[in-house]
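Remarks on the overall topology
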Amino acid sequence: MTMEQIQVKVVNRSGGALPSYATPQSAGMDVRAFLPGGAVTIAPGERALVPTGLYIQLPDGYECQMRPRSGLALKHGVTVLNSPGTIDADYRGEVGIVLINHGCEPYRVENGERIGQLVIARCMQAVWEPVCALDDSERGTGGFGHTGNI
């Protein structure tokens, strides 16, 4: 079984490879840094907006989520700060990735390096229905940690 596909218009000013899926069942596409002026170093505890050179046009009713790459997070402590970052269907600017270095060493982001994953997802807008009370549920008002440790 193959995944459902959707056409997304893209302008690629980086000259590099377009985001791509690593396997047929991958949900996320690896996206690369576009740093024609040279690498960017992110010190521990600091963040940087890293450009991709990509501009996308999503169909109505879709969003693009920017997510971290697990290997970058595990090996270096570098992740997407506002994860998942949302790219709205009506946004036409350059896709950028806000990276933060939670590691102990400075991290050097190189031009063309895979630094995030893009996930295309359907989305809906809520229409609020004001009411005086909510229906009962099994969980009720139980919040954080109410189901126990195991």
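In what follows, the accompanying structure is described. Residue indices begin from 1 for each chain and proceed along its sequence in written order. Whole-chain, interface and lining totals are the exception, using all residues; otherwise, since this is a predicted model, local features are given only for residues with pLDDT of at least 70 and side-chain atom pairs are given and counted only at 80 or more. Excluded from the side-chain calculation are hydrogens and water; included are all heavy atoms of the structure.

**Notes on the nonpolar core**
In terms of nonpolar packing, the biggest core is built from 24 residues, with Val-50, Met-66, Ile-97, Leu-99, Val-109, Ile-115 and Leu-118 touching the most fellow members. Every helix listed is a DSSP run of H or I at least four residues long, and every strand listed is a run of E at least two residues long, numbered separately from the N terminus. Every element with two or more residues in this core is listed here: β3 (29-32), β5 (47-57), β6 (62-67), β7 (78-80), β9 (94-101), β10 (107-109) and β11 (114-122). Of all the elements, β5 adds the most residues to this core, at four residues. Should any heavy atoms of two residues lie within 4.5 Å, those residues are counted as being in contact. Dropping the residues within four chain positions of it, Ile-115 is found in contact with Val-31, Arg-32, Ala-33, Val-50, Arg-69, Leu-72, Ile-97, Leu-99 and Val-109. Take the buried Ala, Val, Leu, Ile, Met, Phe, Trp, Tyr and Cys residues and link them wherever side-chain atoms come within 4.5 Å; each set so joined is a nonpolar core. Under the scheme applied here, a residue whose accessible area is under 20% of the maximum for its type counts as buried, over 50% as exposed, and between as partly exposed, the area being computed with a 1.4 Å probe on protein chains only.

**Focus: the sheet that holds β9**
In any sheet, the strands associate via hydrogen bonds between backbone groups, in a parallel or an antiparallel arrangement. Strand order across the open sheet formed by four strands is β1-β5-β9-β7, with antiparallel pairing between neighbours. In this open sheet, the two edge strands, each paired with only one partner strand, are β1 (9-12) and β7. Between one strand and the next, the sheet's axes are offset by a mean angle of 40 degrees, whatever the strand orientation. Only when DSSP finds a minimum of two bridges between them are two strands counted as paired. Fitted lines through C-alpha atoms give the axes, limited to the stretch in contact for helices. The angle between two N-to-C directions lies from 0 to 180 degrees.

**Some remarks on the pattern of salt bridges**
Salt-bridge detection follows one rule: a side-chain nitrogen of Lys or Arg within 4 Å of a carboxyl oxygen of Asp or Glu. All chains considered together, the criterion is met by four salt bridges. A salt bridge links Glu-4 to Arg-122; the nearest nitrogen and oxygen atoms lie 2.5 Å apart. Separated by 118 residues along the polypeptide, Glu-4 in the segment before β1 and Arg-122 in strand β11 bring together distant segments of the chain. For the residue pair Glu-4 and Arg-122, the accessibility class agrees, reading exposed in each case. Notably, a salt bridge pairs Asp-30 with Arg-69, separated by 3.3 Å at the nearest N-O pair. In this pair, Asp-30 sits in strand β3 while Arg-69 sits in the loop between β6 and α1 (70-76), placing the two residues 39 residues apart along the sequence. Classification of Asp-30 by relative accessible area gives buried; the value is 14%. Here the salt bridges share partners, and the residues they tie into one network are Asp-30, Arg-69 and Arg-114.

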